[in-house]
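Residue-level structure breakdown
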Amino acid sequence: RALSLQREAFEMYERLGHISGQAACLLSMAILEKEDDVSCGYAIRAADLQRSLGAFDQATKAASIALMYWSEGGDLAAKRAFAEQGLKDAQASGRTSLEGGFYARLAEICGKQSDFEEAEKYRRWAQDIENSDGLTPEERRKSELEITKSLAQMAKALGNKDAASMFSSRARELRKPKSPK
């Protein structure tokens, strides 16, 4: 029911030409949708709309969600290009903290493409950003845990059992403190 209401709201915003309303509905639809490929498509469209408005921090958030739903077997070249655009959006937002996730994702994609030199470069940049926030690894883990738990609760409240399960599983992983090396 919530998904159909979001679709109706999207159509209304589309008729009105209200771009930010369309983008907000698309992002909600991405979270509510049960099919990962469809969720990814909604989030990509939301990122494109936010970018067209110059709302780069919102485009970055939508791009992050799209990459989360992007299928593992998907087109790696397209995924890399999209992650690079997400990184550009993060840089345009002026919030360095948003860049780290894209560097990490790009490292992962480059590794899968056997471009290990680029993968290492992106990994180092992600690590540099992670280490620049002044948080200890334990504080960073706890912060990520709280965000992930919130996403699990939101997905559950919106009736998306698959997303709730995915976020809950990630939260369980984060509850386990990492042992020092």
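The numbers attached to residues start from 1 for each chain and follow its sequence in the written order. Selection of residues for local features in this predicted model requires a pLDDT of at least 70, selection of side-chain atom pairs for listing and counting requires 80 or more, and totals for whole chains, interfaces and linings are taken over all residues. The side-chain values count all of the structure's non-hydrogen atoms but skip hydrogen atoms and water molecules.

Considerations on the side chain of Glu 118
The cut-off we apply is this: Secondary structure elements are taken from DSSP: a helix is a run of H or I of four residues or more, a strand is a run of E of two residues or more, and numbering for both begins at the N terminus. Polar contacts here mean pairs of N or O atoms no more than 3.5 Å apart (in protein, one a potential hydrogen donor and the other a potential acceptor; neighbouring residues in sequence count only if both atoms are side-chain atoms). We call two residues contacting when some pair of their heavy atoms lies within 4.5 Å.
With respect to the secondary-structure elements, Glu 118 resides in helix H7 (residues 116-131). At 2.9 Å, the side chain of Glu 118 forms a polar contact with the side chain of Lys 121. When sequence neighbours within four positions are dropped, the list of residues in contact with Glu 118 reads Arg 80 and Cys 110.

Quick notes on the side chain of Gln 50
Mapped onto the elements of the fold, Gln 50 is located in helix H3 (residues 36-52). Dropping the residues within four chain positions of it, Gln 50 is found in contact with Ala 23, Ala 55, Gln 58 and Ala 59.

Digging into a negative patch on the surface
Test applied: Residues enter patches when their relative accessible area tops 30% and they take part in no salt bridge; the joining distance is 9 Å for like charges and 5 Å for the nonpolar side chains Val, Leu, Ile, Met, Phe, Trp and Tyr. For the area figures, the Shrake-Rupley method with a 1.4 Å probe applies, and any residue is considered shielded solely by the protein chains shown. The term salt bridge refers to a side-chain nitrogen of Lys or Arg lying within 4 Å of a carboxyl oxygen of Asp or Glu. Here the positive residues are Lys and Arg and the negative ones are Asp and Glu; neither His nor the chain ends is included. A single reference atom marks each charge: NZ on Lys, CZ on Arg, CG on Asp, CD on Glu. With a 1.4 Å probe rolled over the protein chains alone, any residue whose accessible area is under 20% of its type maximum counts as buried; one over 50% counts as exposed, and the rest are partly exposed.
On the surface, Glu 35, Asp 36, Asp 37 and Asp 162 cluster together into a patch of negative charge. Mapped onto the secondary structure, Asp 36 falls in helix H3. Residue class for Asp 36 comes out partly exposed when judged on its relative accessible area of 41%.

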